[in-house]
Each structure stands twice: as C-alpha cells, then as structure tokens.
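One-letter residues, chain by chain:
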Amino acid sequence: MAKTDYKTADEYLKVQNKEVVTALQALRSSIKKVFPDLKEYISYQIPTFQYKGKSLVSYAAYKNHCGFYINSMKTANKLKTELKNVEINGVTIQFGFEETLPQTLLKKIIKARMQEINELIILKNKKR
C-alpha cells in the first residue's frame, strides 16, 4: 500500500521515482527561487505552498505526468490567455517528467493567487 501520511514535501518526494523527483524538484526550486518566503506544507497529501495561512499552489506526481495546482478556478479563469499553451484541466496544469513550466508563467500564477488571497483577507476583515 502506498504511503499516504506525508508530513513534509521532502518526505513526499523521497518515495517518488527518480524522473518524478527531478521534475518536481525543478518546479519546487523555481518557486522557491522567486518566492523564498513561502512556507511549504502537506495539504490533501500533496506538497503545497502557503501564503498568509492560505493554500497558494500545490504540486503532485502521477504515474504518467506531474500536476501543478493553481488551487483557484477564479485565478485559472483570469489567466486563461496565459495558460493557453499548457495542458490544463480545471485548476490543474499537467506536464511530463521531461518538461518544465516556464518561470514567467509560474510567477504570473503565484502573483495572481497572492492577489486573490489578499483580496479575500481584505473582504473578510471588512465583514467584521
């Protein structure tokens, strides 16, 4: 039975095969390079980056591909033009083990998610 009680992203990556680890480590490194202050944790048993206590973006390994989760349909719809050249299903960008997501695209997605989270926090504070 596959392990499903990961406590850290490193633990998650440790059990993946080499080609998956290479692809996901490249993605993870790209995110950390541009946004070094983001915290990483496990949510729904996959590595997730957190911003202001909220789920920002996630990534995961699958049998035949990797997944990068935008974690917001609102952001996915907002960036529809920028996402036209990637394979996306809902909020999940699928990419092969030999592929990488462009750093400029990752930046746009993460900045848009941060903006959305900031707006949600402002809205929540106004309701108090």
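What counts and how
- Residues numbered from 1 in each chain as written.
- Predicted model: local features only at pLDDT ≥ 70, side-chain atom pairs only at ≥ 80, totals over all residues.
- Heavy atoms only, no water.
- Helix = DSSP H or I, 4+ residues; strand = E, 2+ residues; numbered from the N terminus.
- Rg over C-alpha atoms; globule rule 2.2 N^0.38 Å.
- Buried < 20%, exposed > 50% of the residue type's maximum accessible area, 1.4 Å probe, protein only.
- Contact = heavy atoms within 4.5 Å.
- Areas by Shrake-Rupley, 256 points an atom, 1.4 Å probe, with all protein chains shown as cover.
- Lys, Arg positive; Asp, Glu negative; His and termini not counted.
- Charge placed at Lys NZ, Arg CZ, Asp CG, Glu CD.
- Pairing = 2+ DSSP bridges.

### Regarding the overall build of the protein chain
Argument step 1. Scanning the protein chain from N- to C-terminus turns up 4 helices and 6 strands.
Argument step 2. Starting at the N terminus and walking to the C terminus, you meet the elements of the protein chain as α-α-β-β-β-β-α-β-β-α.
Argument step 3. What you see for the protein chain is a C-alpha radius of gyration of 15 Å, in line with the 14 Å of a compact globule of 128 residues.
Argument step 4. The dimensions of the protein chain, computed from C-alpha atoms along their principal axes, are 45 × 35 × 25 Å.
Argument step 5. Split into buried and exposed, the 128 residues of the protein chain put 41% on the buried side.
Argument step 6. Within the protein chain, residue pairs in contact and separated by at least 24 positions form 52% of the contacts whose partners lie at least 6 positions apart.
Argument step 7. In the structure as shown, the protein chain presents an accessible area of about 7,900 Å², 52% of it carried by carbon and sulfur atoms.
Argument step 8. Charged side chains in the protein chain number 23 positive and 12 negative. The centres of these two groups are separated by 8 Å.

### Details of the pairing of strand β6 (residues 92-95)
Strand residues, when the strand is regular, have side chains that alternate between the two faces of the sheet.
Argument step 1. Pairing geometry for strand β4 (residues 66-69) and β6, over 4 bridges, is antiparallel. Note on β6: the bridge partner recorded for Tyr69 is Thr92.
Argument step 2. Bridging between strand β5 (residues 87-89) and β6 involves 3 bridges; their strand directions are antiparallel. Within β6, the residue paired with Glu87 across the bridge is Gln94.
Argument step 3. Connecting β5 to the antiparallel partner β6 that follows it, the hairpin turn spans 2 residues, and Gly90 within it adopts a positive phi of roughly 70 degrees.

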